[in-house]
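Structure at a glance
The chain contents come next:
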There are 2 protein chains.
Amino acid sequence: MSRRQAVSPKCISRLSLYGRLLSTGVGSTSGRVYSHELARLAGVSAAQVRRDIMGLGCSGTPNTGYDVQALGSIITEYIHTPEGQRVALVGVGNLGKAILTYFSHGSKTRLRLVAAFDTARDKTGRVLHGCRCHPMEEMSDVIRRENITVGIITVPADVAQQTADALINAGVTGILNCAPVALQVPARVYVENLDITIKLETVAFFARSGRPQADG
Amino acid sequence: MSRRQAVSPKCISRLSLYGRLLSTGVGSTSGRVYSHELARLAGVSAAQVRRDIMGLGCSGTPNTGYDVQALGSIITEYIHTPEGQRVALVGVGNLGKAILTYFSHGSKTRLRLVAAFDTARDKTGRVLHGCRCHPMEEMSDVIRRENITVGIITVPADVAQQTADALINAGVTGILNCAPVALQVPARVYVENLDITIKLETVAFFARSGRPQADG
DNA sequence: CATAGTTTGTTATGCAATTCACAACGTTAC
DNA sequence: GTAACGTTGTGAATTGCATAACAAACTATG
Ligand SMILES: NC(=O)c1ccc[n+]([C@@H]2O[C@H](COP(=O)([O-])OP(=O)(O)OC[C@H]3O[C@@H](n4cnc5c(N)ncnc54)[C@H](O)[C@@H]3O)[C@@H](O)[C@H]2O)c1
Ligand SMILES: NC(=O)c1ccc[n+]([C@@H]2O[C@H](COP(=O)([O-])OP(=O)(O)OC[C@H]3O[C@@H](n4cnc5c(N)ncnc54)[C@H](O)[C@@H]3O)[C@@H](O)[C@H]2O)c1
């Protein structure tokens, strides 16, 4: 259970990707996979794959590669808790609804999106894809009762900070922020920003000058 | 027009963020802004801000900071073309519709989302927020005619690669990929991946172990 | 059993990006 | 005018990350 050493967010992101590749039919014939195979599918180098796996207490055998099942399990157990962490989403608008739909149908992650929140009365009280939308006043209670540790923010930019404050107050320690603002949070809280406009402007820039190959 | 030197995607992303901050009421009273103010709002260090700006042929004056208007213009002109690049979106599903709505209403970028594509007949032919949804057969023609250089992929994962191929064939040189696969593209094409599941799993991981502070 | 051929685990190397530190400069106060 | 303060611009130091490289290990084969 104890983490071997501090790993970077980028490393965790790659492990998450390897995990998905392993669970979606890689090496399904042999039951085994080489580092360079995973590398090609993940868009990274083979050395990178081996190095990432090294940090997990590895399991590969030379000349045969990795056991798909075993490696998948190790990665999943490293990234996730046995029960799967519980997630809440705030702001059931266009983007919020898309994410809600995705995580109840399309996604295979161990994470569970178990509650949604909104201010609009036509949203609250309803149940979308098995996930109830609560009014904001119930946030603190629901997050504690449901043991929620992660929040997704899909509210308008001008209320994103207060939404983050409310989530943190209620006990959330990780936030995926889809609003285009940099949140101010205490050091113990981890934030990732998912800013579509910035990503798109970056793509547009390199669509012209075309040099580097990168990712996020 | 000529770029001073090769800059990293992360640098461009930060410049994009500074640009937005400058255009949304930073230092609106004085008309000027300090590097440490931008830094706090962007969630980076003051030295980082100054260094990023340095690469643009800078304009700040000691003790007074930067002229908001001037710096904003310089950043915009560096990141964008004068006319604004044109963008197409493929896959008008839950996520695709949310993005379409956002870029016709909520966003202030110079980029223009001017065309959408889908296979489903109930999507094609309709006009959403001033953006027509075409059938896939018209892609090549429309992209050339409309001078589109950037594509957004919001189709299911199993058709993302063929969608990318089609976009590239039609002349697109930058792709924002929202499907959870690593696309194989020629070196001249620039790809950014926007993988919500990976981002969320990364947040969940550090919501427990809580160490680093990072971003993407 | 020995030999050839691959792939892993890991260490060393190189590179890029961020931070540090400070001189130069402008501004303000008196 | 001049002294004191605060910020910029930028070379140097540092950190972190990815690539390269290679010894050890395993399989296969005759
Ligand atoms: N839709 C996109 O593709 C897209 C792209 C980039 C960024 N974003 C950002 O994501 C966020 C949401 O975008 P959207 O298109 O879904 O907007 P939206 O207007 O469709 O949805 C916003 C939702 O938040 C709710 N809300 C408003 N104030 C609230 C509050 N104080 N507490 C709780 N809920 C509140 C509203 O009732 C609404 O349901 C915005 O910050 C937007 O900038 C969206
Ligand atoms: N919705 C989310 O929040 C979310 C989160 C993470 C990842 N994603 C990814 O984004 C993509 C889209 O997700 P979604 O929820 O919008 O799915 P969706 O099923 O709602 O939309 C998919 C759209 O693509 C169209 N399509 C199907 N095949 C096509 C083809 N060959 N060419 C052109 N169009 C085609 C469909 O008609 C549909 O309109 C998926 O790859 C999904 O994994 C979505």
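Notes on the structure in this doc start here. (Residues numbered from 1 in each chain as written. Chains lettered and ligands numbered in written order. Predicted model: local features only at pLDDT ≥ 70, side-chain atom pairs only at ≥ 80, totals over all residues. Heavy atoms only, no water.)

**Brief notes about the overall build of chain A**
A count of helices and strands for chain A gives eight helices and nine strands. If one aligns the C-alpha atoms of chain A with their principal axes, the spans along those axes are about 60 × 45 × 35 Å. When burial is assessed residue by residue, chain A has 49% of its 216 residues classed as buried. Here chain A displays about 10,100 Å² of accessible surface, and carbon together with sulfur accounts for 50% of that area. (Helix = DSSP H or I, 4+ residues; strand = E, 2+ residues; numbered from the N terminus. Buried < 20%, exposed > 50% of the residue type's maximum accessible area, 1.4 Å probe, protein only. Areas by Shrake-Rupley, 256 points an atom, 1.4 Å probe, with all protein chains shown as cover.)

**Considering the pairing of strand 3 (residues 86-90) of chain A**
Residues and elements named next belong to chain A. Taking burial as the measure, the five residues of strand 3 include four buried ones, the bulk of the element. Two elements, strand 3 and strand 4 (residues 112-118), share five bridges in a ladder whose sense is parallel. Residue pairing in the sheet places leucine 89 in a bridge with alanine 116 of strand 4. Regarding topology, helix 5 (residues 94-106) serves as the crossover connection from strand 3 to the parallel strand 4, and that connection is right-handed. (Pairing = 2+ DSSP bridges. Right-handed = clockwise from strand over helix to strand, strands pointing away.)

**Notes on the protein's contact with DNA strand C**
Taken together, 24 residues are adjacent to DNA strand C, and Ser35, Arg51, Cys58 and Tyr66 of chain A together with Ser45 of chain B come closest. A distance of 3.0 Å separates a phosphate oxygen of DNA strand C from a polar atom in the side chain of arginine 14 of chain B. Between DNA strand C and the protein, one listed contact pairs a sugar or linking oxygen with a side-chain N or O atom of asparagine 63 of chain B at 3.2 Å. Secondary structure elements with two or more residues in the surface near DNA strand C: helix 2 (35-42) and helix 3 (46-54) of chain A together with helix 1 (9-23) and helix 3 (46-54) of chain B. For the surface near DNA strand C, the per-class residue count stands at six nonpolar, twelve polar and six charged. (Near = heavy atom within 4 Å. Polar contact = N/O pair within 3.5 Å; in protein donor to acceptor, adjacent residues only side chain to side chain. Nonpolar A, V, L, I, M, F, W, Y, C, P; charged D, E, K, R; others polar.)

**Examining empty space enclosed by the protein**
By the definition in use, this model includes two cavities of 30 Å³ or more. Taken as a whole, the largest cavity encloses approximately 60 Å³ of empty space. Every residue along the wall of the largest cavity is listed here: Leu95, Ile99, Cys178, Leu194 and Ile196 of chain A together with Leu95, Cys178, Leu194 and Ile196 of chain B. Residue composition of the lining of the largest cavity, by class: nine nonpolar, no polar and no charged. (1 Å grid on protein atoms, 1.4 Å probe; cavity = no way out; pocket = protein on both sides within 12 Å on 5 of 7 lines; lining within 4 Å. Points joined across faces, edges and corners; volume = space filled by probe spheres on them.)

**Points about the relation of the copies chain B and chain A**
Of the two same-sequence chains, chain B is brought onto chain A (RMSD 0.1 Å, axial shift 0.0 Å) by a rotation of 180°. Each copy turns onto its partner about a two-fold axis. Of the residues that chain B buries at the interface, 99% are likewise interface residues in chain A, meaning the two copies contact each other through the same surface. (Least-squares fit on C-alpha atoms with pLDDT ≥ 70 in both. Contact = heavy atoms within 4.5 Å.)

**Quick look at the protein's contact with DNA strand D**
Neighbouring DNA strand D are 25 residues; Ser45 of chain A together with Ser35, Arg51, Cys58 and Tyr66 of chain B lie closest to it. Within 4 Å of the protein, the contacting atoms of DNA strand D are 65% sugar and phosphate, with bases supplying the remainder. Arginine 50 of chain B places a side-chain nitrogen or oxygen 3.0 Å from a base nitrogen of DNA strand D. At 2.8 Å, a side-chain N or O of arginine 51 of chain B approaches a base oxygen of DNA strand D. Secondary-structure elements contributing two or more residues to the surface near DNA strand D are helix 1 (9-23) and helix 3 of chain A together with helix 2 (35-42) and helix 3 of chain B. Of the residues forming the surface near DNA strand D, the biggest block, four residues, is contributed by helix 3 of chain A. In terms of residue class, the surface near DNA strand D is made up of seven nonpolar, twelve polar and six charged.

**A look at the interface of chain B and chain A**
Counting from both sides, the interface comprises 75 residues of chain B and, opposite them, 74 residues of chain A. When the two sides are added together, the surface that chain B and chain A hide from each other amounts to roughly 6,500 Å², 61% of it contributed by carbon and sulfur. Joining chain B to chain A, the criterion identifies four salt bridges. Where aspartate 195 of chain B meets arginine 20 of chain A, a salt bridge forms, and the shortest distance between an N and an O atom there is 2.8 Å. Of all the elements in the fold, those that place two or more residues in the side of chain B that touches chain A are helix 1, helix 2, helix 4 (68-79), helix 5 (94-106), strand 7 (148-153), strand 8 (174-177), strand 9 (190-193) and helix 8 (196-209) of chain B. Here the element with the most residues in the side of chain B that touches chain A is helix 8 of chain B; it accounts for 14 residues. (Buried area = accessible area lost by both parts, 1.4 Å probe. Salt bridge = Lys/Arg side-chain N within 4 Å of Asp/Glu carboxyl O.)

**Re the environment of alanine 70 of chain B**
Position of alanine 70 of chain B among the secondary structure elements: in helix 4. Separated by 17 residues in sequence, alanine 70 of chain B and isoleucine 53 of chain B have C-alpha atoms that sit 12 Å apart.

**Looking at the packing of aromatic side chains**
Overall, the coordinates contain eight aromatic pairs over all chains when judged by the stated rule. A centroid spacing of 4.8 Å and a plane angle of 35° characterise the contact between tyrosine 190 of chain A and phenylalanine 206 of chain B, whose relative ring orientation is tilted. Here phenylalanine 206 of chain B lies in helix 8 and tyrosine 190 of chain A lies in strand 9 (residues 190-193), a pairing that spans two chains. By relative accessible area, which is 0% here, tyrosine 190 of chain A ends up buried. Under the relative-accessibility criterion, phenylalanine 206 of chain B is labelled buried at 1%. Ring-pair connections join several aromatic residues into one group, and the members of that group are Tyr78 and Tyr190 of chain A together with Phe205 and Phe206 of chain B. (Phe/Tyr/Trp six-rings, centres within 6.5 Å; stacked < 30°, edge-to-face > 60°.)

**What about the pattern of salt bridges?**
Summed over all chains, the structure comprises twelve salt bridges over all chains. Ionic pairing is found between lysine 199 of chain A and glutamate 192 of chain B, a salt bridge with its closest N-O pair at 3.9 Å. One end of the pair, lysine 199 of chain A, is in helix 8 (residues 196-209); the other, glutamate 192 of chain B, is in strand 9, on a second chain. Relative accessible area serves as the criterion here: at 6%, lysine 199 of chain A is assigned to the buried category.

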